[in-house]
Amino acid sequence: MRLLKPVFIPLRLKLLAAAMVVEVVMLGILVWNAVRLNQESLVTQTQYRIEEVLPLLNASLAAAVVNEDMALIQELLDQLVRDSGFAYIAVYEVDENLIRDHGERINEVRLLSLAELADGIRQDNTLDRIALDVPLLIAQRRVGRLYLQLNTHFIGNAIASVAKQGTAIAVFEVLLTAILLSVLGFTLTRHLNVLTKAVRGLPATRPELSLTQNSNDEIGVLSDALRGMVDELSLHERHRDNIEQALREREQQINLLLNSTAEAIVGLDREGCCTFFNRACLNLLGDAPHGNLLGQPILKRCKLAAKDEFSGAECSEGSEPAFSVPKLSENGPADLLRQTLEQGQGLHSDQLYFQRRDNSWFPVECWFYPVMDGVHVSGAVVTFIDISERQKTENELNDYRRHLEKLVDERTKALLSSNRELQSYSYSIAHDLRSPVRAIIGFSQILQAEARDKLSSTQMQELQRVINAGKRMSLLIDDILELSKINRTAIQPKSVDLTTLAHGILDEWGRALNTDRVQCQIEPGMLVEGDARLVDLLIRNLLSNAIKYSSKTEIARIRVGKTTINGEIVYFVADNGVGFDMRFADKVFQPFQRLHREAEFEGTGVGLAIARRVVDRHLGRIWIESKIAEGTTVYFTLVKPAVYPLAV
Amino acid sequence: METADAGSPTPHVLRAGLIPYLSPGALIKTWSPFVTRLEHYLQQPIMMKSAPNFPTFIQRASAGRYDLLMVAPHIGILAKRRAHYRIAVGFGNPAVGEVLVRADSPYRQLESLRGLELSAPANTTLVSIMGEALLQQQGLDPQRDVRMHYTGSHNNAILALQSGKVDAAIVISGLYARMAATLPVKLRSLAVTAPVLPAIILTHPALSQAEHQRIQQALLATAKDPMLGEYFLQQGFGVPRLLTPAEIQAFDPLVDLLLARENR
């Protein structure tokens, strides 16, 4: 239906018309009211005058009529006509005989009673005269009749005069108002037209130029407001252009991003219909490059399947997705979408398969992201990647891993066997060397005692050196056997009171220790889990080292205690001895490695190696911190595994 | 639009002439109840008329301008003589005139009024005539021994005495008794006249005998009208009755006195 264009009516004409209507109506009411009031006033005056005159007239005239005093009657009539404005007066007797009359009588005059006087004049103010018929009464007895004709044309004339004057004033006022309103309307609309032209020209024109006309009234205020609005609009427009440009660039970036990624991205509404998609989605689903998936239920081309349902398909293992992994029914894809929409959180699955356009299926790793519209989920974005190649690679890697594990296992077994043989061999050698060494030492000592007089001092010194070397060799052999024994010992874990153990060792060494020079501080209540004999060996070696390397200190301070490092309980044995350069810290735990000459500190260099071996057997860690001339602290941890593996 | 003069046809209206012994208002008020009942009996309207003064009235009555004449007897008889009015009825209770002076005045006898000023309603009223006759009987010539002031009505005569304008007043007896409560000065009666019938009613000679008799019967009917019983009592006239020829003849001296005044 064609709508008619509304006719343009200028505002000033509307204002003028409205004002004219109001003006005419109001002035009409005013004129009418003035006429009515004037009429009412005249009527009331006339009524009052007659009501005032008639009783006096009646009293005197009635008596005169009774007395038939014609002179008095004539005098009264003359006075009435002269003073009261009656046009004609007649006095009748009871038998209707005319006694006297005065004035010019008109026959066609409306006759009213006194009670009808006011209403009669009001109803017809065009009457020139009205007539009154008044009985002359004395003591309620009618003694005659008075007939009066009253000029009322002055009422009509006065009303007409008021009406004319009022109408003239009203017309003048209407014209004046019309002129003033026209001028005002013209001025008003001229400013408005200027503003309208300026506003219509937006934004192509320079509004600041068009709106510069000032007016010291509401138009001026409006102009200022429009100018401010235009400035604001311009600012907003520039801002909007910038935003639109940014949005275009962002859209291009997003499109580029969407289409450059290999990951398929699909937008779904709450019904699962496609709202947008990227190029990778078309590629993965095997659709034409310019295919259109919009509005299509994409998830109907997706299904949940066991990993081996399709040939060659196997999902990856071991990787923990950042998304919650839902429990899926056979209607898996729809479940994922439903749960995403209901829970408003991202979901992940690598158990889905998509169907290509050629009906072939391929495995995907899939993410469902909720699209939030305020607090409501309006849809979801589904991203997926084809994991066919990854599954294939994972399968191959698994094959290699299994092959390697098998190979390592075989090699480890061989190595363990070889290591055992080597340990057994070294133990046998060491064990077998003990007797000859002891024989050498013994026979050398016998020789030294028996041939003391026959041998020169040089020979005696050389023999002593043989004995000393033998003894050192014997010690080395003992240490090697000890070290070997650690690996060969089966660990029997139990709770070991480290505090009591340390005190026991020190008590054992008590006679040899110079307690005035050596001060030992052992923290109470230290309990560890481990093999009691090996832990005793560990503490004994560490305390021995501490006492030995602080032997040159005036007051040796030995501390055995525990501390917590990174939430782990760590035990330590510290001294204030000679210390060493930490550059050689790696060597101290190797067997037979010494950082000091034997002349300074005797020993075989096996103590810390034994300590390390014990800690290793307990799957713990051991390390050392030292400063030269300040002391050394050995830290260790002990773990309590369910089963301690045999040392290899 | 109505016609200007709303006069409607009426039955023949009887013109009743009332002697102006009172103001027109008082006259109408006094006689209206009686006239109204008379209209009832006659089934005919009556128009009460009077005159500005006694001479005019007498002149009009003599000229036969009234169908009914309700007047003092001397005027009625004069009208009978001059215009041949016919006497219908008279009112039964005789009236008495009296001479009033102020109660505190020293006058005890009519003789003591010599040289004083007296008020009376008019020189033609029955009471004035009777009063002057009384003065003559006591040796006072009203024209020379006293100075008469005619006030137009009995009320005015009493008021003139009250205000001190005159020394005595000749009025109808009983009027002061009715007015005493409203007057500031107390009066006392010095002398009274001989009684005389106060009023008679005559008909115009132009009326037929039958009409005269009808009117006469109606007048007599009012005497028995219960609605006028109280009225007649208050007025003191008595009730209408037929007059005997002797009673009529007794009025002649009064007429002579009246005629004598006209001649003066």
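Residues numbered from 1 in each chain as written. Chains lettered and ligands numbered in written order. Predicted model: local features only at pLDDT ≥ 70, side-chain atom pairs only at ≥ 80, totals over all residues. Heavy atoms only, no water.

### Observations regarding the overall build of chain A
Reasoning step 1: When its secondary structure is counted, chain A shows 13 helices and 18 strands.
Reasoning step 2: Within chain A, the fraction of its 648 residues that count as buried is 39%.
Reasoning step 3: For chain A, the accessible area works out to roughly 38,100 Å², and carbon and sulfur atoms hold 55% of it. (Helix = DSSP H or I, 4+ residues; strand = E, 2+ residues; numbered from the N terminus. Buried < 20%, exposed > 50% of the residue type's maximum accessible area, 1.4 Å probe, protein only. Areas by Shrake-Rupley, 256 points an atom, 1.4 Å probe, with all protein chains shown as cover.)

### Thoughts on helix α2 (residues 70-84) of chain A
Residues and elements named next belong to chain A.
Reasoning step 1: Between its first and last C-alpha, α2 extends 20 Å over 15 residues, near the 21 Å set by a 1.5 Å rise per residue.
Reasoning step 2: The set of residues buried in α2 consists of Ile73, Leu76, Leu77, Leu80 and Ser84. Buried residues of α2, seen end-on, are gathered within an arc of 100 degrees and therefore sit on one face of the element. Set apart from the buried face of α2 by more than 90 degrees, the exposed residues are Ala71, Glu75, Arg82 and Asp83.
Reasoning step 3: Considering only its buried residues, α2 is in contact with α1 (11-67), β1 (86-92) and β2 (98-103).
Reasoning step 4: Just downstream of α2 lies Gly85, where phi reads positive at about 80 degrees. (Expected span 1.5 Å × (residues − 1). Arc of directions from axis to C-beta. Contact = heavy atoms within 4.5 Å.)

### A look at the side chain of Arg145(A)
All names here are of chain A.
Reasoning step 1: With respect to the secondary-structure elements, Arg145 resides in strand β5 (residues 141-151).
Reasoning step 2: The class of Arg145 is buried, set by a relative accessible area of 2%.
Reasoning step 3: Polar side-chain contacts of Arg145 include one of 2.7 Å to the side chain of Glu96. (Polar contact = N/O pair within 3.5 Å; in protein donor to acceptor, adjacent residues only side chain to side chain.)

### Some remarks on the nonpolar core
The nonpolar side chains of a soluble globular protein tend to be buried with one another.
Reasoning step 1: Judged by nonpolar contacts, the single largest core of 102 residues is most densely connected at Val91(A), Leu146(A), Trp31(B), Phe34(B), Phe57(B) and Leu69(B).
Reasoning step 2: The element best represented in this core is α1(A), accounting for 16 residues.
Reasoning step 3: Sequence-distant contacts of Trp31(B), defined by excluding residues within four places in its chain, comprise Leu18(B), Tyr21(B), Met48(B), Met70(B), Phe91(B), Tyr231(B) and Phe237(B).
Reasoning step 4: Ranked by size, the runner-up nonpolar core spans 44 residues in total, among them Leu534(A), Leu542(A), Ala585(A) and Val614(A). (Core = buried A, V, L, I, M, F, W, Y, C linked by side-chain atoms within 4.5 Å.)

### Observations concerning the confidence of the model for chain A
All names here are of chain A.
Reasoning step 1: Confidence in the prediction of chain A, expressed as mean pLDDT, is 81, and 91% of residues score 70 or more.
Reasoning step 2: The element-level mean pLDDT for chain A is lowest in helix α5 (residues 207-210), coming to 51, with strand β18 (residues 631-636) highest at 95.
Reasoning step 3: Contacts of residues 308-326 to residues separated by more than four positions or lying in other chains number 40 contacts, the stretch itself having pLDDT below 50. (pLDDT = per-residue confidence, 0-100.)

### Considering the sheet that holds strand β17 (residues 622-627) of chain A
Within a sheet, each strand pairs with its neighbour through backbone hydrogen bonds, oriented either parallel or antiparallel.
All names here are of chain A.
Reasoning step 1: Pairing within the open sheet is mixed, and its five strands lie in the order β13-β15-β16-β18-β17. The sheet is open, and its two edges are formed by β13 (518-522) and β17, each paired on a single side. Strand-to-strand twist of the sheet, defined as the mean angle between neighbouring strand axes without regard to direction, takes the value 20 degrees.
Reasoning step 2: Relative to strand β15 (residues 556-565), β13 is paired through five bridges, and the arrangement is parallel. The partner of Cys520 across the bridge, within β15, is Ile558.
Reasoning step 3: Strand contacts of helix α13 (residues 607-617): β17 and β18, with the helix running at about 145 degrees to β17, the strand carrying the most contacts. (Pairing = 2+ DSSP bridges. Axes fitted to C-alpha atoms, helices over the stretch in contact; angles between N-to-C directions.)

### Digging into the packing of helix α9 (residues 388-450) of chain A against helix α10 (residues 457-488) of chain A
Residues and elements named next belong to chain A.
Reasoning step 1: Contact geometry for α9 and α10: axes closest at 8 Å, N-to-C directions at 155 degrees. The orientation of α9 with respect to α10, classified from their angle, is roughly antiparallel. Taken as a pair, α9 and α10 cross one another with a handedness that is left-handed.
Reasoning step 2: Its residues placed into classes, the contact of α9 with α10 shows 15 nonpolar, eleven polar and four charged. (Parallel < 35°, antiparallel > 145°, perpendicular 65-115°, else oblique. Left-handed = near helix turned anticlockwise from the far one by under 90°. Nonpolar A, V, L, I, M, F, W, Y, C, P; charged D, E, K, R; others polar.)

### Notes on the interface of chain A and chain B
Reasoning step 1: In this assembly, 27 residues from chain A lie in contact with 29 residues from chain B.
Reasoning step 2: Across the interface of chain A and chain B, roughly 2,200 Å² is buried in total on both sides, 54% from carbon and sulfur atoms.
Reasoning step 3: Area buried by chain A at its contact with chain B is led by Asn67(A), Glu68(A) and Arg141(A), which between them contribute 31% of it.
Reasoning step 4: The tally of links between chain A and chain B comes to six salt bridges.
Reasoning step 5: Linking chain A with chain B are twelve residue pairs in polar contact (both at pLDDT 80 or more).
Reasoning step 6: Of all the secondary-structure elements, those providing two or more residues to the side of chain A that touches chain B are α1, β3 (110-112), β4 (129-138) and β5 of chain A.
Reasoning step 7: Sorting elements by how many residues they give to the side of chain A that touches chain B places β5(A) first, with five residues.
Reasoning step 8: For the side of chain A that touches chain B, the per-class residue count stands at 13 nonpolar, three polar and eleven charged. (Buried area = accessible area lost by both parts, 1.4 Å probe. Salt bridge = Lys/Arg side-chain N within 4 Å of Asp/Glu carboxyl O.)

### Considering helix α2 (residues 54-62) of chain B
All names here are of chain B.
Reasoning step 1: Within α2, seven of the nine residues are buried, which leaves the element mostly enclosed by the surrounding structure.
Reasoning step 2: Along α2, the residues classified as buried are Phe54, Thr56, Phe57, Ile58, Arg60, Ala61 and Ser62.
Reasoning step 3: Looking one or two residues beyond α2, the residue adopting positive phi is Gly64, at roughly 70 degrees.

### A word on the environment of Gly442(A)
Reasoning step 1: For Gly442(A), the location among the structural elements is in helix α9.
Reasoning step 2: On the basis of relative accessible area, Gly442(A) is assigned to the partly exposed category, the value being 24%.

### Notes on a nonpolar patch on the surface
Reasoning step 1: Taken together, the side chains of Val21(A), Val22(A), Val25(A), Met26(A) and Ile29(A) present a nonpolar region at the surface, about 440 Å² in accessible area.
Reasoning step 2: Along the polypeptide, Ile29(A) turns up in helix α1. (Patch = residues over 30% accessible without salt bridge, like charges linked within 9 Å, V, L, I, M, F, W, Y side chains within 5 Å.)

### Comments concerning the sheet that holds strand β4 (residues 86-91) of chain B
All names here are of chain B.
Reasoning step 1: The strand order β2-β1-β3-β10-β4-β11 describes an open sheet built from six strands, whose pairing is mixed. Each of the sheet's edge strands pairs with one partner strand only, and the pair in question is β2 (46-49) and β11 (240-241).
Reasoning step 2: As paired strands, strand β3 (residues 68-71) and strand β10 (residues 200-203) are joined by four bridges and run antiparallel to one another. Along β10, the bridge assignment pairs Leu69 with Leu202.
Reasoning step 3: Its contacts with the sheet put helix α1 (residues 24-42) on β1 (14-18), β2, β3, β4, β10 and β11, and the angle it makes with β2 is roughly 155 degrees.
Reasoning step 4: Each of β3, β4 and β10 is contacted by helix α3 (residues 73-83), which is oriented at about 20 degrees to β10, the strand it contacts most.

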